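Residues per chain, in single letters:
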There are 2 protein chains.
Amino acid sequence: MKGRPVATGSTPSSGTTIYSVAERAGVSIASVSRVLQGSTAVSEKTRLRVLAAADELKYVPLAAARSLAVRHHEAHGLVLPELSGPYYSELLMGFESRAAELGQSVVLMLAEGKSDLVRAVRNLATRVDGLAMLGSSAIPDATVTAMHGSKPVVLIAGDARPDIDTVTSENTGSAEAITSHVLGHGRRRVLFAGDPASGPDVRDRYAGFVAAHEAAHLSAAEPVRIALREIDGRALADRLLSGDLRADALVCANDELALAVMKRLREGGQVVPDDIAIVGWDDVMTARYVEPGLTTVRQPVRELGASAADRLHQRITGAPVGDGPQVIPTSLVIRSSCGCPPEGVSR
Amino acid sequence: MKGRPVATGSTPSSGTTIYSVAERAGVSIASVSRVLQGSTAVSEKTRLRVLAAADELKYVPLAAARSLAVRHHEAHGLVLPELSGPYYSELLMGFESRAAELGQSVVLMLAEGKSDLVRAVRNLATRVDGLAMLGSSAIPDATVTAMHGSKPVVLIAGDARPDIDTVTSENTGSAEAITSHVLGHGRRRVLFAGDPASGPDVRDRYAGFVAAHEAAHLSAAEPVRIALREIDGRALADRLLSGDLRADALVCANDELALAVMKRLREGGQVVPDDIAIVGWDDVMTARYVEPGLTTVRQPVRELGASAADRLHQRITGAPVGDGPQVIPTSLVIRSSCGCPPEGVSR
DNA sequence: TTCATCGTTGAAAGCGCTTACATCCGAGAT
DNA sequence: ATCTCGGATGTAAGCGCTTTCAACGATGAA
């Protein structure tokens, strides 16, 4: 027997190592490891003894030690800009649950407030087998490029780069659809709210907006370049109210913005959709609670997250992977803020 | 020189170990480790050489190896039931950002959908220094008890147990305040919606509800024991509409419920607050968008999360800690669903 | 009875890092 | 010039686990 200090037994589960289990079962640590890994070649007898011992001691192998030995972590990293609103939460839920199914832990990091992001990400990378990150402007390209090459990386809702895996939801098509829908209501002075430069999502949505106009032989207005928060929406509404900006319809790059505009506009005496139609993106909870209900594009964000976890895992394990970016379809949900009669059905 | 296989240099940052750095700097790995730990006793000269080498190689120590050597992980575990709605997201944001400030990674786990939760948690525990978990019924007591004793555990919004650290937001007092407020509007048939058995939060809120009645020499109705989701709210509204239940005011255990009830009631022709007053809990985004605005209790959830991270870290490092459960104050935000005139101010 | 074979098992070598501990060397004291 | 002391550095022993490799019976064949 090796003259090795052994757990005192004072602490229940912490401090119990593979040595304790081996001792208790009367076998070598190699055997313990073997049965716990479900490995080959262990007699049924020792199998049982070890299992019993492990069970009594509530033994769970220390992740760090295992990682060191097997040279991977059984963990996925996820970096998101922040977590307000339903979008990222849903994404995270999808990601976590799929990762868990794959036996992977997830270590999460929020970019917001980190002063040295690439340092933080690089540090995160030392404890996971691969990274999924959101491809928005909140996470600079340099950050992802810095990681790529050393560990598998998948970009969520990011730009399709030939060298990096991407999962994204369909944007241009649904943008074209929702814009056409608005145009179909006879609106002719329609504005797009959101900054195409803020990320691929918004950029593609604006592209769809333009495409819809072209399809109708109309010319699309320049985007109103603002951020997507409530405060920006209020500001936009004020410009509309003051006549600084004119429009009979507004395609907003997300619901938060759309909702904020709508509220302020109504406070200012405008009526939606009669005076101005408004549509958004995401189908947040509030969208179906406001009056009129907000017409919007629903993204299966949860699936997006799950896809990201899947793709990442495939890259890590070296499984065969389809090549192009994976795109998840979206759907239009029609309510009445676009000009449709109330009780409109989603289609 | 040790006859040790050294990184090939083919992969940029992965594969660079402390050995590569040492070699490049022309020093021993001990020295490298020393300067990277900011340890004592390194000459300025080697310091610089090592720093330079590490920088060129983009070296970051492998977390697992370090963990194994120093016997801790520099990571906090967090287990939440799920992530829908703003409550958990906010909590998570607060937790993550404080943890990051403390130099801790956070590994997240969602209870929802895990078939063997205690196994999952026990596994999680092998890669973190301590665990924070939400003290709701979604996470059975057995789970937390299983961990407690082996690693530091802090319960969020859980029952104050003498043996376990708890951070929680104030419930009973604000419940009493909001209930009194409703009573103050002359309502006499007020119902509480939510199941006190579903967790300490709801239980304490109901306690406050009762206390408010007692203070007014009224007798409090039994709680309407339902879950806190939209669907439950709709069902409740239907019972109200059908006359199965009668009330002139409703204190809901969260906003999601309140909002759902309110919407359905109005669809059914009731007017809020004239026919029935409704108040909720959490101050979600929708609460200020609906008509009438929802009177509710705002919890500083983010702070709650940060507190949890703090407390956990104190326990892990063995820092001195105040003893009782830490409770975060809440505030009433008065809008008009309670019967106050529109443009009510929060107080 | 002897030998080859195969299934089981343990010894031991790492995985990459930290950290006593020993060693070395130059500076100040005598 | 010799001795002592202390700062800087290297050596090596782990941290807890996996996994190769060799050793060990026991078994069936010859």
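Keep in mind that what you see is a predicted model, and the values were worked out from it rather than measured. (Residues numbered from 1 in each chain as written. Chains lettered and ligands numbered in written order. Predicted model: local features only at pLDDT ≥ 70, side-chain atom pairs only at ≥ 80, totals over all residues.)

Here the focus is the interface of chain B and chain A. Between chain B and chain A, the residue contacts involve 44 residues of the former and 44 residues of the latter. Of all elements in the fold, only α4 (63–70), α5 (86–101), β2 (105–110), α6 (117–125) and α11 (255–267) of chain B reach the threshold of two or more residues within the side of chain B that touches chain A. With six residues, α5 of chain B is the single largest residue contributor to the side of chain B that touches chain A. Partitioned by chemical class, the residues of the side of chain B that touches chain A number 21 nonpolar, 15 polar and eight charged. In this structure, strand β2 (residues 105–110) of chain A lies alongside β2 of chain B, joined through three bridges in antiparallel fashion. Across the sheet, residue Val-107 of chain A finds its bridge partner in β2 of chain B, namely Val-107 of chain B. (Contact = placed C-beta atoms within 7 Å. Helix = DSSP H or I, 4+ residues; strand = E, 2+ residues; numbered from the N terminus. Nonpolar A, V, L, I, M, F, W, Y, C, P; charged D, E, K, R; others polar. Pairing = 2+ DSSP bridges.)

So, about the nonpolar core. Nonpolar side chains in soluble globular proteins tend to end up buried together. Judged by nonpolar contacts, the single largest core of 88 residues is most densely connected at Leu-250, Cys-252 and Val-261 of chain A together with Leu-250, Cys-252 and Val-261 of chain B. Residues Met-133 and Ile-139 of chain A together with Leu-131 and Leu-155 of chain B belong to the second largest nonpolar core, which totals 82 residues. (Core = buried A, V, L, I, M, F, W, Y, C linked by C-beta atoms within 7 Å. Buried ≥ 20, exposed ≤ 12 C-beta atoms within 10 Å, placed from the backbone.)

Moving on, we get to the sheet that holds strand β8 (residues 277–279) of chain B. Sheet strands line up and pair through hydrogen bonds in the backbone, either parallel or antiparallel. Residues and elements named next belong to chain B. The strand order across the open sheet formed by three strands is β6-β7-β8, and the pairing between neighbours is parallel. Taken across any chain shown, the strands that pair with only one partner, and hence form the sheet edges, are β6 (190–193) and β8. Along the sheet, successive strands turn relative to each other by an average axial angle of 15 degrees, direction set aside. Pairing analysis gives four bridges linking β6 to strand β7 (residues 249–252), with the strands arranged parallel. If you follow Ala-193 over to β7, its bridge partner there is Cys-252. (Axes fitted to C-alpha atoms, helices over the stretch in contact; angles between N-to-C directions.)

Looking at helix α6 (residues 117–125) of chain A, one finds that the buried residues are Val-121, Leu-124 and Ala-125 of chain A. Seen end-on, α6 of chain A carries its buried residues on one side only, within an arc spanning 100 degrees. Elements in contact with the buried residues of α6 of chain A: β1 (75–80), β2, β3 (130–134) and α7 (141–147) of chain A together with β2 of chain B. (Arc of directions from axis to C-beta.)

Moving on, we come to the domain arrangement of chain A. Looking at the assigned domains, one finds that chain A contains domain 1 (18–61), domain 2 (73–169 + 301–326) and domain 3 (172–299). The C-alpha centroid of domain 3 of chain A is placed 62 Å from the C-alpha centroid of domain 1 of chain A. (Domains from an automatic or database assignment.)

Moving on, we get to the relation of the copies chain B and chain A. Expressed as a screw operation, the relation of chain B to chain A combines 0.0 Å of axial shift with a rotation of 180 degrees, fitting to an RMSD of 0.1 Å. Accordingly, the operation relating the two chain copies is best matched by a two-fold axis. A high fraction, 100%, of the interface residues of chain B reappear at the interface in chain A, so the copies pair face to face through one surface. (Least-squares fit on C-alpha atoms with pLDDT ≥ 70 in both.)

Glancing now at the protein's contact with DNA strand C. Around DNA strand C, the structure places 28 residues, and the nearest of them are Thr-17, Ile-18, Ala-30, Ser-33 and Ala-69 of chain B. Looking at the surface near DNA strand C residue by residue, the class counts come to 17 nonpolar, seven polar and four charged. (Near = placed C-beta within 6 Å.)

Cis geometry marks the peptide bond from Val-272 of chain B to Pro-273 of chain B, where omega comes out at 5 degrees. Residues Glu-291 of chain B and Pro-292 of chain B are joined by a peptide bond in cis, for which omega reads -5 degrees. If you check the backbone angles, Glu-74 of chain A has positive phi at about 55 degrees while not being a glycine. Within the secondary structure layout, Glu-74 of chain A lies in the loop between α4 (63–70) and β1. Exposure remark for Glu-74 of chain A: the 18 C-beta atoms within 10 Å place this residue in the partly exposed category. Notably, Asp-283 of chain A is not glycine yet its phi reads approximately 55 degrees, a positive angle. Along the polypeptide, Asp-283 of chain A turns up in the loop between β8 (277–279) and β9 (296–298).

What follows concerns the protein's contact with DNA strand D. Around DNA strand D sit 29 residues in total, of which Thr-17, Ile-18, Ala-30 and Ser-33 of chain A together with Ala-30 of chain B are the nearest. Split by residue class, the surface near DNA strand D holds 18 nonpolar, seven polar and four charged.

Let us look at the sheet that holds β2 of chain A. Taken together, twelve strands build an open sheet; the order of strands is β10(A)-β5(A)-β4(A)-β3(A)-β1(A)-β2(A)-β2(B)-β1(B)-β3(B)-β4(B)-β5(B)-β10(B) and the sheet is mixed. One side of each edge strand has no neighbouring strand; the edge strands of this open sheet are β10 (326–328) of chain A together with β10 (326–328) of chain B. Neighbour-to-neighbour, the strand axes of this sheet turn through a mean angle of 20 degrees, independent of strand direction. In this structure, strand β1 (residues 75–80) of chain B lies alongside β2 of chain B, joined through six bridges in parallel fashion. Residue pairing across strands places Leu-78 of chain B opposite Leu-108 of chain B, the latter belonging to β2 of chain B.

Right, let's get into the packing of helix α1 (residues 18–25) of chain B against helix α2 (residues 29–36) of chain B. Residues and elements named next belong to chain B. As a packed pair, α1 and α2 sit with axes 8 Å apart at the nearest point and diverge in direction by 100 degrees. Classified by the angle between their axes, α1 and α2 sit roughly perpendicular to one another. Of α2, the residues touching α1 (which contributes Ile-18, Tyr-19, Val-21, Ala-22 and Ala-25) are Ile-29, Val-32 and Ser-33. A per-class count over the contact of α1 with α2 returns seven nonpolar, one polar and no charged. (Parallel < 35°, antiparallel > 145°, perpendicular 65-115°, else oblique.)

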